[in-house]
Amino acid sequence: MIYAIATPTTGCVLEFIKHVNCVLKFNKVVSGKEQVVSGMNYELIIDASDAGGKLGRYKAEVYEQEWTKTHKLISLSKAK
């Protein structure tokens, strides 16, 4: 199910990376969790490469509310 919803939320992560001139290259969604709230909270684990090509795992927390067209990246950090 997470892979089905990964497109809008992944787009949110990619927009953040572009906005802050982050030098990460998104590769793929590895796993994720979802929580129903007034909309949806997603926690995605993604594979991304840095400027030197080194692969790393990152955790992206995203809030999405379809009826208001809200897609908001809450946090993006190195996964443990």
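Residues numbered from 1 in each chain as written. Predicted model: local features only at pLDDT ≥ 70, side-chain atom pairs only at ≥ 80, totals over all residues. Heavy atoms only, no water.

Caption draft 1: Here's a closer look at the overall build of the protein. Each helix and strand counted, the protein has one helix and four strands in total. Listing the helices and strands of the protein from first to last along the sequence gives α-β-β-β-β. When burial is assessed residue by residue, the protein has 34% of its 80 residues classed as buried. In the protein, 37% of the contacts between residues at least 6 apart in sequence involve partners at least 24 apart. Surface summary for the protein: the accessible area is close to 5200 Å², and the carbon and sulfur share equals 57%. (Helix = DSSP H or I, 4+ residues; strand = E, 2+ residues; numbered from the N terminus. Buried < 20%, exposed > 50% of the residue type's maximum accessible area, 1.4 Å probe, protein only. Contact = heavy atoms within 4.5 Å. Areas by Shrake-Rupley, 256 points an atom, 1.4 Å probe, with all protein chains shown as cover.)

Caption draft 2: The pairing of strand E1 (residues 25-37), seen in detail. Pairing of E1 with strand E2 (residues 39-49), which is carried by eleven bridges, proceeds in the antiparallel orientation. Residue pairing across strands places Gly32 opposite Leu44, the latter belonging to E2. Count of turn residues in the E1/E2 antiparallel hairpin: one residue. (Pairing = 2+ DSSP bridges.)

Caption draft 3: Fine view of the sheet that holds strand E4 (residues 70-78). In space, the four strands of this open sheet follow the order E1-E2-E3-E4, with antiparallel pairing throughout. With one partner strand each, in any of the chains shown, E1 and E4 form the two edges of the open sheet. The average undirected angle you get between the axes of adjacent strands in this sheet is 20 degrees. Alignment of E2 against strand E3 (residues 55-65), held across ten bridges, turns out to be antiparallel. Within E3, the residue paired with Glu43 across the bridge is Glu61. (Axes fitted to C-alpha atoms, helices over the stretch in contact; angles between N-to-C directions.)

Caption draft 4: Region of interest: the nonpolar core. Residues Leu24, Val29, Met40, Tyr42, Leu44, Ile46, Ala48, Tyr58, Ala60, Val62 and Leu73 constitute the largest nonpolar core, which totals eleven residues. Elements with a contribution of two residues or more to this core: E2 and E3. If one sorts the elements of this core by residue count, E2 sits on top with five residues. In contact with Tyr58, not counting residues within four places along its chain, are Leu24, Leu44, Ile45, Ile46, Ala48, Leu76, Ser77, Lys78 and Ala79. (Core = buried A, V, L, I, M, F, W, Y, C linked by side-chain atoms within 4.5 Å.)

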